[in-house]
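Summary of structural features
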Amino acid sequence: MTDWLLIWRTPIVRTGCLLLFVLMLLSFQTGEAIAEESGGTLVLNSNAAVKNYELAQAAFTANSVGIRAKINLGDSSVDIDQVKKQIRQVNPDVIYAIGSKAYLLAHEIAEDKKIIFSSVLNWQRLPMSENSYGVSNELSPGMQLMTYRYLFSAVKKIGVIYSERYNKEWLSGAIETAEDVGMEIISTPIAESAELMPALEKLLPEVDVLWLISDPVVLASQESVLEIFSESAAMKKPVIAYAEIFSTLGATLVISADISTMGLQAASLARELLEHKKVLQPVVDPAGSYIMLNMKKVKEYGLDLNNEALGSVNQIIE
């Protein structure tokens, strides 16, 4: 023991041991940094030039830490093979995919990673795995129907035109929910946009209002949208819709999901996954909504409006 103390007191030996300790510590910290760089979150955006996609990414970024990379698939110079290579190099723990294109690419090349999606039309048609999570693009049918009933108690029959390819599952849930709140959904399926006008002419006389839902077959073009509003106006049927743009075309009521809130929800999901917490509900409904009411149309169609419900409306168009 005495010999060891004498050796330790030798300046050269003591200095060498200290240097070795420092090198070991630096090596450990460097290893941690490398491991940290290979984790975190990667943001994959189908097209950052799309306003809603941009809003979702901005909200997610503002409420997240550990974002390792952001990739915009909408950039014309993007090479998919290079994107795949970059994703593998970053090797994130979580991928936030904005839009269908981003989700499908992430699912194809990184199915073993936790993937969170948002801004996806009818997510039920996506290929899903145990690593798939997300925020639904559509507000729950129950929330929307309760709002309709609250504002317009006399509304009983709601018409919906839809395609089974995109909205079969959604419609089944909506029909069940409508029954629970004392309303009835009368639906007409179409397989292609050419069937839209005949479907409108048949459906509108049977319903109190037309419920316009997000469906790429029904809303196949600008002409299709204009036909819907023109025919509805001609038959004096109110249109209730899901996006602000429809208020400029004559929708009586618009209930839209708040995009920034969806990005915030996705950030919350990412934090839970990065912290290895158990996520009880992999796909959640949008938490925020924005309600617009067109009073001109309410008066034009002579709708019986519950004035006490106006406090729930965010914007009234006079």
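Because the structure is a prediction, the values reported are computed rather than measured.

Below, the discussion takes up helix α5 (residues 100–109). Taken across its 10 residues, α5 has 7 buried, putting it largely inside the fold. Residues of α5 that are buried include every one of Ser 100, Ala 102, Tyr 103, Leu 105, Ala 106, His 107 and Ile 109, and no others. Looking at the buried residues of α5, the elements they touch are β1 (41–45), α4 (80–90), β3 (94–98), β4 (114–118) and β5 (132–135).

Read across the sheet, 6 strands follow the order β2-β1-β3-β4-β5-β11 without closing on themselves; strand pairing throughout is parallel. Only two strands of the sheet have a single partner each, and these edge strands are β2 (67–72) and β11 (283–284). With 5 bridges connecting them, β1 and β3 associate as parallel partners. Looking at β3, one finds that Asn 45 is bridged to Ile 98. Running over the sheet, α4 touches β1, β2 and β3 and is turned about 170° from β2.

So, about the packing of aromatic side chains. Overall, the coordinates contain 7 aromatic pairs when judged by the stated rule. Judged by centre distance (4.2 Å) and plane angle (25°), the rings of Phe 60 and Tyr 96 are stacked. In this pair, Phe 60 sits in helix α3 (residues 51–62) while Tyr 96 sits in strand β3, placing the two residues 36 residues apart along the sequence. The class of Phe 60 is buried, set by a relative accessible area of 0%. The exposure class assigned to Tyr 96 is buried, which follows from its relative accessible area of 0%.

A positive phi angle, near 50°, is found at Asn 91, a position not held by glycine. A residue is classified by how much of its surface remains accessible, and Asn 91, at 31% relative accessible area, is partly exposed. Unlike most non-glycine residues, Lys 236 shows phi in positive territory, near 55°. On the basis of relative accessibility, which here comes to 58%, the residue Lys 236 falls in the exposed class.

Reading the values: the criteria
- Residues numbered from 1 in each chain as written.
- Predicted model: local features only at pLDDT ≥ 70, side-chain atom pairs only at ≥ 80, totals over all residues.
- Heavy atoms only, no water.
- Buried < 20%, exposed > 50% of the residue type's maximum accessible area, 1.4 Å probe, protein only.
- Helix = DSSP H or I, 4+ residues; strand = E, 2+ residues; numbered from the N terminus.
- Contact = heavy atoms within 4.5 Å.
- Pairing = 2+ DSSP bridges.
- Axes fitted to C-alpha atoms, helices over the stretch in contact; angles between N-to-C directions.
- Phe/Tyr/Trp six-rings, centres within 6.5 Å; stacked < 30°, edge-to-face > 60°.

Any link to function would need more than the numbers given here.
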